[in-house]
Amino acid sequence: MPNPQFLVLFGSQTGTAQDVSERLGREARRRRLGCRVQALDSYPVVNLINEPLVIFVCATTGQGDPPDNMKNFWRFIFRKNLPTTALCQMEFAVLGLGDSSYTKFNFVAKKLHRRLLQLGGSALLPVCLGDDQHELGPDAAVDPWLRDLWDRVLSLLPPPPDLAEIPPGVPLPSKFTLLFLQEAPRMGSEGQRVAHPGSQEPPSESKPFLAPMISNQRVTGPSHFQDVRLIEFDISGSGISFAAGDVVLIQPSNSAAHVQQFCQVLGLDPDQLFTLQPREPDVSCPTRLPQPCSMWHLVSHYLDIASVPRRSFFELLACLSLHELEREKLLEFSSAQGQEELFEYCNRPRRTILEVLCDFPHTAAAIPPDYLLDLIPAIRPRAFSIASSMLAHPSRLQILVAVVQFQTRLKEPRRGLCSSWLASLDPGQGPVRVPLWVRPGSLAFPETPDTPVIMVGPGTGVAPFRAAIQERVAQGQTRNFLFFGCRWRDQDFYWEAEWQELEMRDCLTLVPAFSREQEQKVYVQHRLRELGSLVWELLDRQGAYFYLAGNAKSMPADVSEALMSIFQEDGGLCSPDAAAYLARLQRTQRFQTETWA
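Cut-off values and rules
- Residues numbered from 1 in each chain as written.
- Predicted model: local features only at pLDDT ≥ 70, side-chain atom pairs only at ≥ 80, totals over all residues.
- Heavy atoms only, no water.
- Helix = DSSP H or I, 4+ residues; strand = E, 2+ residues; numbered from the N terminus.
- Rg over C-alpha atoms; globule rule 2.2 N^0.38 Å.
- Buried < 20%, exposed > 50% of the residue type's maximum accessible area, 1.4 Å probe, protein only.
- Contact = heavy atoms within 4.5 Å.
- Lys, Arg positive; Asp, Glu negative; His and termini not counted.
- Charge placed at Lys NZ, Arg CZ, Asp CG, Glu CD.
- Pairing = 2+ DSSP bridges.
- Right-handed = clockwise from strand over helix to strand, strands pointing away.
- UniProt positions renumbered as here; feature names shortened; annotations may be inferred.
- Arc of directions from axis to C-beta.
- Polar contact = N/O pair within 3.5 Å; in protein donor to acceptor, adjacent residues only side chain to side chain.
- Phe/Tyr/Trp six-rings, centres within 6.5 Å; stacked < 30°, edge-to-face > 60°.
- Salt bridge = Lys/Arg side-chain N within 4 Å of Asp/Glu carboxyl O.
- Axes fitted to C-alpha atoms, helices over the stretch in contact; angles between N-to-C directions.
- Core = buried A, V, L, I, M, F, W, Y, C linked by side-chain atoms within 4.5 Å.

**Concerning the overall build of the protein**
- Tallying secondary structure elements over the protein gives 19 helices and 22 strands in all.
- Taken over C-alpha atoms, the radius of gyration comes to 26 Å for the protein, in line with the 25 Å a tight globule of 597 residues would show.
- Counting only C-alpha atoms and orienting by the principal axes, one finds that the protein spans roughly 75 × 60 × 50 Å.
- Looking at the protein as a whole, 50% of its 597 residues qualify as buried.
- Pairs at least 24 apart in sequence give 76% of the contacts found in the protein among residues at least 6 apart.
- The protein carries 57 positive and 66 negative side-chain charges, and their two centres are separated by 3 Å.

**A few points about the pairing of strand 4 (residues 91-98)**
- Strand 4 sits mainly inside the fold: seven of its eight residues count as buried.
- When strand 3 (residues 53-59) meets strand 4, the two strands line up parallel, connected through seven bridges. Following the sheet pairing, L53 is matched in strand 4 by E91.
- Taken together, strand 3, helix 2 (residues 71-77) and strand 4 form a β-α-β motif whose crossover is right-handed.
- Summarising the sheet, strand 4 and strand 5 (residues 122-123) pair through two bridges and their orientation is parallel. Each bridged residue has a counterpart across the sheet, and for F92 the counterpart in strand 5 is A123.
- Of the strand pairs in this sheet, strand 4 and strand 6 (residues 128-131) are connected by four bridges, and their pairing is parallel. When the sheet's bridge partners are listed, L95 is paired in strand 6 with C128.

**Focus on the UniProt feature "binding site: NADP(+)" (unreviewed entry) in the protein**
- Following the UniProt record, the feature "binding site: NADP(+)" (unreviewed entry) maps to T460, S515, R516, K521, V522, Y523, V524, Q525 and D558 here.
- Mapped onto the elements of the fold, S515 is located in the loop between strand 20 (509-514) and helix 16 (524-530).
- Here S515 is in contact with C486, R487, Q520, K521, V522 and Y523, once residues within four sequence places are set aside.
- For R516, the position within the fold is in the loop between strand 20 and helix 16.
- Discounting residues that sit within four places of it in the chain, R516 has contacts with R487, W488 and K521.

**Brief notes about helix 17 (residues 532-541)**
- Where helix 17 is concerned, the buried positions are G532, V535, W536, L538 and L539. Viewed end-on, helix 17 has its buried residues packed into an arc of 165°, placing them on one side of the element.
- Where helix 17 is buried, its residues contact strand 18 (453-456), strand 19 (480-486), helix 16, strand 21 (545-551), helix 18 (555-569) and helix 19 (575-587).
- Of the residues one or two after helix 17, G543 is the one with positive phi, at around 65°.

**Some remarks on the side chain of Q592**
- On the secondary structure map, Q592 appears in strand 22 (residues 591-596).
- Taking the relative accessible area as the measure of exposure, Q592 reaches 4% and is therefore buried.
- At 2.8 Å, the side chain of Q592 forms a polar contact with the backbone nitrogen of A444.
- A polar contact is formed between the side chain of Q592 and the backbone oxygen of Q589, at a distance of 2.8 Å.

**Things to note about the packing of aromatic side chains**
- Taken as a whole and judged by the stated rule, the model has 17 aromatic pairs.
- Their ring planes at 75° and their centres at 6.0 Å tell us that F6 and W150 sit as a pair that is edge-to-face. Here the residue F6 occupies a position in strand 1 (residues 5-11), and W150 occupies one in helix 4 (residues 139-156), the gap between them amounting to 144 residues.
- Since its relative accessible area comes to 4%, W150 is described here as buried.
- Taking 6.2 Å as the distance between ring centres and 80° as the angle between the ring planes, the aromatic pair formed by W495 and W499 counts as edge-to-face.

**Here's the deal with the pairing of strand 9 (residues 228-234)**
- The element strand 9 is extensively covered by neighbouring structure, given that seven of its seven residues are classed as buried.
- Going residue by residue along strand 9, you find V228, L230, E232 and D234 tucked away on one face and R229, I231 and F233 tucked away on the opposite face as well.
- As paired strands, strand 9 and strand 14 (residues 396-402) are joined by seven bridges and run antiparallel to one another. Considered in strand 14, the bridge of D234 is made with R396.

**A few points about the sheet that holds strand 12 (residues 293-294)**
- Judged by pairing direction, the sheet is antiparallel, and its three strands sit side by side in the order 7-11-12 without closing on themselves. Strands with a single pairing partner mark the edges of an open sheet, and in this sheet they are strand 7 (176-180) and strand 12.
- Bridging between strand 11 (residues 273-278) and strand 12 involves two bridges; their strand directions are antiparallel. Bridge pairing links F274 to C293 in strand 12.

**Observations concerning the pattern of salt bridges**
- Evaluation of the coordinates by the stated rule reveals 26 salt bridges.
- Put simply, R415 and E412 hold a salt bridge, and the shortest N to O gap is 3.2 Å.
- Using a relative accessible area of 44% as the deciding quantity, one classes R415 as partly exposed.
- A salt bridge links R527 to E530; the shortest N-O distance between them is 3.0 Å. Of this pair, R527 and E530 both sit in helix 16, separated by three residues, roughly a single helical turn.
- Connected through salt bridges with shared partners, the residues R23, E27, R31, D139, D143, R311 and E315 form a single ionic network.

**Here we look at the sheet that holds strand 22**
- The strand order across the open sheet built from five strands is 20-19-18-21-22, with neighbouring strands paired in parallel fashion. Two strands close off the open sheet at either side, each with one partner strand: strand 20 and strand 22. Neighbouring strand axes in the sheet, compared pairwise and without regard to direction, differ in orientation by 10° on average.
- Of the pairings in the sheet, the one linking strand 21 to strand 22 comprises six bridges and is parallel in character. Bridge assignment links G550 to a residue of strand 22, and that residue is T595.

**Section: the nonpolar core**
- Membership of the largest hydrophobic core comes to 40 residues, with the highest contact counts inside it found for F262, L298 and L372.
- Among the elements that make up this core, the one with the highest residue count is helix 7 (residues 311-320) (six residues).
- If sequence neighbours within four positions are ignored, L372 has contacts with F262, L266, L268, M295, L298, L303 and I367.
- Counting residues in each nonpolar core, the second largest holds 30 residues, with A244, L400, F465 and Y547 among its members.

As structure tokens, then:
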């Protein structure tokens, strides 16, 4: 008799929702239940009408937006023509992951829960609201919710009576087996699946374009605290095309030093070739890995050894550990009671997977290679706003990259994997190629020639607006208003000469805010208020579109507050009417944002 089945669907931006979903899959296997785990956009959504039990795990990104891998599902599920009985046979539960420091905390999970009820679904539990801001992270809400969930699931899908539950300390079978090759295959058999110049299909995650890097230039002053790069790629013959507001995704690699250290700690031969074989018939091999593949390629291009490990990493590592003392500590870190200590050891100082393995050397040296892909997540592509227009720079693509580096209590500085990797590449020393592809962004600019555009982009948030201004100027659209914020005119005023030249041609009105050049800090929201009458005139009388890009923490709320103030002081609206006016701008796509954490 087949095991009872249910479905877990996730929408994940940074990997947390996927990790929780895979945890659900593992816990189901321990309980002898069949469980499919899929990203929402890879699931044929029309099949939902046939699913008796579905658990949705979804993150909220930016200003209440769904993650990229559930946007198609999101559009479908909110179609107005879906009947209110569409999901009447489905029992469901929604687990949300968010950050309560943002106004739209867990907005996606809450809205999805309501929508599934509207379509006739029956909720097993109230929506779970995992919170990054809790001192124990999302698990503080997730753990008790999952206990209740399993009670409900097991009452609906009782496992086969003749099969006992697999206890927590026993490792589940690995997803894949690594079949080591005794002989090296013919030269050239290993390599990344890539889109070749002249290819019919546009580059994608499974087939990126290896773009030659043309230049990699630091654009902040030598004494500035942050290294920011303007990087240019040649996309000739790639089939890539993009418009202002689009985003490029880049697949980074681990540093050679980290790859070497990882192989040493685990006792792996970097030159060893293997083929990957799934254990289950419904599991496919990662498309990004060549067959056969070398250990060096796997660790360099696929395993995210520089990421901060999640609790599931410690759970599996404890199962695999043969060293009594190390196993005891790993079990503590993976238990519900040990989450505070795990946070102090791992999350607060941003300790990496590689550093944790170095701290548990006996366990690391005994990890069976078959478990590498279960233990360590895949390196995720990083998204950057495209900072150039094809109308101004044909067959070129430019990005503005802030190199992430900061200090915690650990001796070694913390570094962003992708930004540090990009910064290390020097096309002056020889050819450099970077795997990339393009997808539509969340900003769309008006096509009507006379529509004014107000853009607010502090710091690297100005990148998509440079693309938009270049594109609009090339099309004869000159009513461009840019509010740009940085610290110092002579240190981080990106594209100053370019803006000044456009001002002289009457193609741009530039309003800079230099926060550190006077005693009182001045930010973009202050400049907006100073020019409140102009902003109101453009929005209310001339139908302007308003755009905002940059850090999601406090800037979007500060700018929205400045607009509310302008609507009241310069537009003469009362507070409720000002809020309704702002909501109407958002609803009609005349107020658009692109923010990142």
